[in-house]
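Here are the chains, one letter per residue:
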Amino acid sequence: MTPSDLNSSLHNSLFMKTVRRESTETTPVWIMRQAGRYLPEYMAVRNKVTFIELCKTPELACEVTVTAQEILGVDAAILFADLLPMLEPMGMDLEYVKGEGPVIHNPLRQAADIDRLKALESVEAVGYVFDAVKMIRNELPADIPLLGFAGAPFTLASYCIESGGSKNYVTTKKIMYNDEGAWTALMNSLVDSVIMYLKAQIATGCQAVQLFDSWAGCLSAADYRRYVLPHTKRVIDAVSQDAPVINFLTGNPALLPAQKEAGGQVMGVDWRIGLNDAWDIFGPEVGVQGNLDPVSLYADLPVLKQRTIDVLNSVSGRNGHIFNLGHGVMPDMNPDHVKALVEYVHELGAR
Ligand code: CP3
């Protein structure tokens, strides 16, 4: 296949047509964390290496990405990587601790520490990501787009400051409220780095990218607008010159109007609000991705099917709906239920 045939096939794929809000034969679906521990095929690879080794070995990252897409029959693949490894060359000492998730051993605890985070000088330091992108693009079917991704500036900043997950984000908010100058400097370094990182993913083979603001839901709408929106907007404005951006934010439907202002061609929404209501807030000029409660996958299949129908019905026939969960799939979920979900969406989303 020539490069121009490939581009045309990707352009006309179900997923990319939906991103452009064209009418399609059915609803496309992919699943956040689709290549993860719930899949025996992932565990077979993962049991041989640590998580970070898997991220840094392009052949293995490629294998788990392509295998998950094939097994599930989803309409897009997502690069196997994580939000945080890009912070290593910026000065963060990162470890994935068994049973705990990511830990940063030298967090930025106060405003005076912010200088320790250096903006990425070049993307070569995370070159393994782009090697994986090239390999994956080569191996995926020609009608399956590859999604790149990065953490949004707030979610990355909160990891740098809290050192891992957090309940109340006390240290993050303390720096944000007490020392807006330091906060802005930190966000600026992250924004410049994320722009460079996402543009390189697109240049090496990703058709669209998702920005994960997984922790922004801890903020009020006023704080999101003041401390986060201008920075996220700068990322999205720069990156969407190169490819469509899915702006995913979770945890707080009060942020939806501001999420829309931050930009993106598609808004990622969790299950806390119905898609009809979310889309009314966003307006017709964007696509919407979501939003089945992931816990629905634990339900019996007839219940899962009905809940899938409910999500499909909740867009009232609008063009531009990409089906997904409202959050990532969990490690103990039954892969057969995930596969069944994908089939239900294709069958019941048909027009
Ligand atoms: O399949 C995919 O979706 C692509 C790969 C992907 C991973 N993480 C793989 C992963 C993506 C897109 C992410 C994003 C990510 N990483 C987010 C945002 C997603 C969201 O749910 O909002 C966040 C917050 C992270 C940070 C992170 N990485 C955490 C909190 C953890 C530990 C939690 C857990 O489930 O253990 C990780 C580890 C991680 N990232 C795993 C995977 C498959 C599990 C690691 C393992 O194999 O042991």
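This one's a predicted model, so the numbers in the text were calculated from it and none came from an experiment. (Residues numbered from 1 in each chain as written. Predicted model: local features only at pLDDT ≥ 70, side-chain atom pairs only at ≥ 80, totals over all residues. Heavy atoms only, no water.)

Section: the overall build of the protein chain
So, step 1. Counting its secondary structure elements, the protein chain contains 14 helices and 9 strands.
So, step 2. For 351 residues, the compact-globule estimate of 2.2 N^0.38 gives 20 Å, and the protein chain sits close to it at 19 Å.
So, step 3. Expressed along its principal axes, the backbone C-alpha trace of the protein chain runs to roughly 55 × 45 × 40 Å.
So, step 4. Of the contacts formed within the protein chain by residues at least 6 apart in sequence, a portion of 72% connects residues at least 24 apart.
So, step 5. When the accessible area of the protein chain is evaluated, it comes to approximately 13900 Å², of which 50% is carbon and sulfur surface.
So, step 6. Considering the protein chain, the positive charge centre built from 29 side chains and the negative charge centre built from 41 side chains are found 4 Å apart. (Helix = DSSP H or I, 4+ residues; strand = E, 2+ residues; numbered from the N terminus. Rg over C-alpha atoms; globule rule 2.2 N^0.38 Å. Contact = heavy atoms within 4.5 Å. Areas by Shrake-Rupley, 256 points an atom, 1.4 Å probe, with all protein chains shown as cover. Lys, Arg positive; Asp, Glu negative; His and termini not counted. Charge placed at Lys NZ, Arg CZ, Asp CG, Glu CD.)

Observations concerning the environment of Ser 189
So, step 1. Structurally, the position occupied by Ser 189 is in helix H9 (residues 180-204).
So, step 2. Along the sequence, Ser 189 and Val 338 sit 149 residues apart, while their C-alpha atoms lie 38 Å from each other.
So, step 3. Ignoring sequence-local partners within four residues, the contact set of Ser 189 consists of Met 90, Leu 117 and Ala 119.

Quick look at the sheet that holds strand E4 (residues 146-151)
So, step 1. Across the sheet, 7 strands lie side by side as E1-E4-E5-E6-E7-E8-E9; this open sheet has parallel pairing. A single partner strand is all that each edge strand has here, and the edge strands are strand E1 (77-78) and strand E9 (321-325).
So, step 2. Direction of pairing for strand E8 (residues 287-292) relative to E9: parallel, over a ladder of 5 bridges. If you follow Val 288 over to E9, its bridge partner there is His 321. (Pairing = 2+ DSSP bridges.)

As for the site of the ligand
So, step 1. The immediate surroundings of the ligand are formed by 24 residues, with Arg 33, Arg 37, Tyr 42, Asp 82 and Ser 214 found nearest.
So, step 2. At 3.0 Å, a backbone N or O of Ala 35 approaches an oxygen atom of the ligand.
So, step 3. When the ligand sits alone it has 880 Å² of accessible area, and the protein chains cover 89% of it.
So, step 4. Assessed atom by atom at 2 Å from the grid points, the ligand resides in the largest pocket.
So, step 5. Where the shell around the ligand is concerned, the elements lending two or more residues are helix H3 (40-46) and strand E3 (101-104).
So, step 6. Broken down by class, the residue content of the shell around the ligand amounts to 16 nonpolar, 4 polar and 4 charged. (Near = heavy atom within 4 Å. Polar contact = N/O pair within 3.5 Å; in protein donor to acceptor, adjacent residues only side chain to side chain. 1 Å grid on protein atoms, 1.4 Å probe; cavity = no way out; pocket = protein on both sides within 12 Å on 5 of 7 lines; lining within 4 Å. Sits in = over half its atoms within 2 Å of the grid points. Nonpolar A, V, L, I, M, F, W, Y, C, P; charged D, E, K, R; others polar.)

Brief notes about empty space enclosed by the protein
So, step 1. For the structure shown, the criterion picks out 4 cavities of 30 Å³ or more.
So, step 2. Space inside the largest cavity adds up to approximately 50 Å³.
So, step 3. Across the lining of the largest cavity, the residue classes break down as 5 nonpolar, 3 polar and 1 charged. (Points joined across faces, edges and corners; volume = space filled by probe spheres on them.)

A look at the layout of surface pockets
So, step 1. Counted as a void, the largest pocket has a volume near 1400 Å³.
So, step 2. In terms of lining, the largest pocket is formed by 46 residues, of which the most central are Arg 33, Arg 37, Phe 51, Asp 82 and Tyr 96.
So, step 3. Residue assignment for the lining of the largest pocket shows that the elements contributing at least two residues are H3, helix H4 (51-56), strand E2 (94-97), E3 and helix H7 (153-162).
So, step 4. Per-element accounting of the lining of the largest pocket gives the leading share, 4 residues, to E2.
So, step 5. Residue composition of the lining of the largest pocket, grouped by class: 27 nonpolar, 11 polar and 8 charged.

Points about helix H10 (residues 221-239)
Note on helix geometry: an α-helix contains 3.6 residues per turn, so any two residues three or four positions apart are oriented the same way.
So, step 1. At Val 228, H10 shows its maximal bend, which comes to roughly 55°, and the proline Pro 230 appears one to four places after that position.
So, step 2. The elements touched by buried residues of H10 are H7, helix H8 (170-178), H9, strand E5 (208-213), strand E6 (245-249) and helix H11 (256-262). (Bend = angle between axes of the 7 residues up to and from the residue.)

Comments concerning the packing of aromatic side chains
So, step 1. With the rule as written, the count across this model stands at 9 aromatic pairs.
So, step 2. With 4.7 Å between their ring centres and 70° between their planes, Phe 51 and Tyr 96 make a pair best called edge-to-face. Here Tyr 96 lies in strand E2 and Phe 51 lies in helix H4, a separation of 45 residues in the sequence.
So, step 3. An aromatic cluster of three or more residues is present, and its members are Tyr 42, Phe 51, Phe 80 and Tyr 96. (Phe/Tyr/Trp six-rings, centres within 6.5 Å; stacked < 30°, edge-to-face > 60°.)

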